[in-house]
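An overview of the molecular structure
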Amino acid sequence: MGGRGGSSHRNAGGGAGSQQILSFLQGAYGAQHANAVMAILQNAPAHIRELWEEYASQFRSGQMRRGEDGAYYSPRDDRVYLRIREVAAGDSISTPYSVLFHEYGHMTDYLIARKMGYGRYSALSEIHGSNGAGGLLGRTAKDELEGHIRRMQQKTPGLNRDQAARALVREASGKYSVRDRSDISDMFEGAGIGIAFPLGSGHGLSYWNTRDSGKEIFAEMISAEAAHPGSLKAIKEYFPKTYQVYQDMIKGRKKKR
């Protein structure tokens, strides 16, 4: 598994991959933000740097409309929309620049899909046997969530599922800050915990009615590995099997190229 720091910074001194990344970032967000993101990438796991080196030449950014909030990747426009000053500052649920890595994680997922001949999100899930019931990332997260709920019921006999789910929320809330638990909050929600914004963040329950949670998990794990170590710690504690699936998918992508 990839770790933060400690490895050699391949291409950091001016290789073609790094030059493409730097060129994109400077053009999209200016030199100051480009340098900050490059510094994060130099300390990111090797597979994160490799994804950026491979796909940065295809990244595109767009201008947010006046009054528009948040950040997102638009498949229709094939662009990432965000306000770089806000993203650079971070907020109560995001570390500096983690939103940038999240949204370009979505775009990378889409670009991989095209390269591999799939026309939709989470192409890497296809490698690992999506069968119409959702991709492997989402299915594994759901299984792990249900395992935690059973653990709560075993810990306190007599709890129904809803009570056990709320006990799980209390447990995780006591271990991690709002910021560090933001990704697992969304993962709990998408995996079917039945509580909106369970740990203080999420998309809302209705968001998942027609969506497999794997596409969000993929982007969340990329941003956690790149720029949010506290979130990565929480993911590894509550979703270790899902994280391993993500790691296997990254390795599987190389085999399929």
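Presented here is a report on the structure given in the accompanying data block. (Residues numbered from 1 in each chain as written. Predicted model: local features only at pLDDT ≥ 70, side-chain atom pairs only at ≥ 80, totals over all residues. Heavy atoms only, no water.)

1. Focus on the pattern of salt bridges
Heads up, the rule is: Here, a salt bridge means any side-chain nitrogen of Lys or Arg that lies within 4 Å of a carboxyl oxygen of Asp or Glu. Put simply, DSSP marks the helices as runs of H or I at least four residues long and the strands as runs of E at least two long, and each gets a number from the N terminus on. Here the term buried applies to any residue with accessible area under 20% of the maximum for its type, exposed to any over 50%, and partly exposed to those in between, with areas from a 1.4 Å probe on protein chains only.
One pass over the structure, following the stated rule, counts 6 salt bridges. A salt bridge links Arg 161 to Glu 146, with the nearest nitrogen and oxygen atoms 2.7 Å apart. Residue Arg 161 is located in helix H8 (residues 161-175), and its partner Glu 146 is located in helix H7 (residues 136-155); the two are separated by 15 residues in the primary sequence. Salt-bridge contacts for Lys 215 lead to Glu 216; the nearest nitrogen and oxygen are separated by 3.4 Å. Neither Lys 215 nor Glu 216 differs from the other in exposure class; each is buried.

2. Details of the sheet that holds strand E3 (residues 79-81)
Cut-off, in case you're wondering: Pairing between strands is defined by DSSP: at least two bridges between them are needed.
In space, the 3 strands of this open sheet follow the order E1-E3-E2, with mixed pairing throughout. What marks the edges here is a single partner per strand, and that holds for strand E1 (61-62) and strand E2 (72-74). Where E2 meets E3, 3 bridges bridge the pair, whose relative direction is antiparallel. Bridge pairing in E3 places Tyr 72 opposite Tyr 81.

3. Notes on unusual backbone geometry
A negative phi holds for most residues other than glycine; trans holds for most peptide bonds. Positive phi is not limited to glycine here, since Asp 78 has a value of about 55°. Notably, Phe 197 is not glycine yet its phi reads approximately 50°, a positive angle. Along the chain, Phe 197 falls in the loop between helix H9 (182-191) and helix H10 (214-227). Residue Phe 197 is classed as partly exposed on the basis of its relative accessible area, which comes to 42%.

4. Observations concerning the nonpolar core
Among soluble globular proteins, nonpolar side chains are generally buried collectively. The line we're drawing: Nine residue types can take part in a nonpolar core, namely buried Ala, Val, Leu, Ile, Met, Phe, Trp, Tyr and Cys, and a core is a set of them joined through side-chain atoms within 4.5 Å. By definition, residues are in contact when any of their heavy atoms lie within 4.5 Å.
Residues Trp 52, Leu 100 and Phe 101 are the most contacted members of the largest nonpolar core, which totals 68 residues. Counting residues per element, this core draws most heavily on helix H5 (residues 98-116), at 8 residues. Not counting residues up to four positions away in its chain, the partners in contact with Phe 101 are Val 37, Ile 40, Leu 41, Trp 52, Ile 222, Ser 223, Ala 226 and Ala 227.

5. Description of the packing of aromatic side chains
For clarity, the threshold we go by: Two aromatic rings from Phe, Tyr or Trp, using only the six-membered ring of Trp, form a pair when their centres are within 6.5 Å; if the ring planes differ by under 30 degrees the pair is stacked, by over 60 it is edge-to-face, and anything between is tilted.
For the structure on display, the rule yields 14 aromatic pairs. Taking 5.0 Å as the distance between ring centres and 20° as the angle between the ring planes, the aromatic pair formed by Tyr 72 and Tyr 81 counts as stacked. On the accessibility criterion, Tyr 72 (24% relative accessible area) is partly exposed. Their ring planes at 65° and their centres at 5.7 Å tell us that Tyr 73 and Tyr 110 sit as a pair that is edge-to-face. In this pair, Tyr 73 is assigned in strand E2 and Tyr 110 in helix H5, connecting sequence segments 37 residues apart. When its relative accessible area of 6% is taken as the criterion, Tyr 73 is described as buried. Note on Tyr 110: relative accessible area 17%, which makes it buried.

6. Comments concerning the side chain of Ser 98
Residue position: Ser 98 is located in helix H5. Residue contacts for Ser 98: discarding those within four places in its chain leaves Ser 223 and Ala 227.

7. Description of helix H3 (residues 46-55)
Counting buried positions over the 10 residues of H3 gives 8, a clear majority of the element. Three or more residues of H3 are buried, namely His 47, Ile 48, Arg 49, Leu 51, Trp 52, Glu 53, Glu 54 and Tyr 55.

8. Quick notes on the environment of Ile 40
Examined against the element boundaries, Ile 40 turns out to sit in helix H2 (residues 31-42). Once the C-alpha coordinates of Ile 40 and Ala 226 are considered, the two residues, 186 residues apart in sequence, prove to be 6.9 Å apart. Excluding anything up to four places from it in sequence, Ile 40 contacts Pro 96, Tyr 97, Phe 101, Ala 226 and Ala 227.

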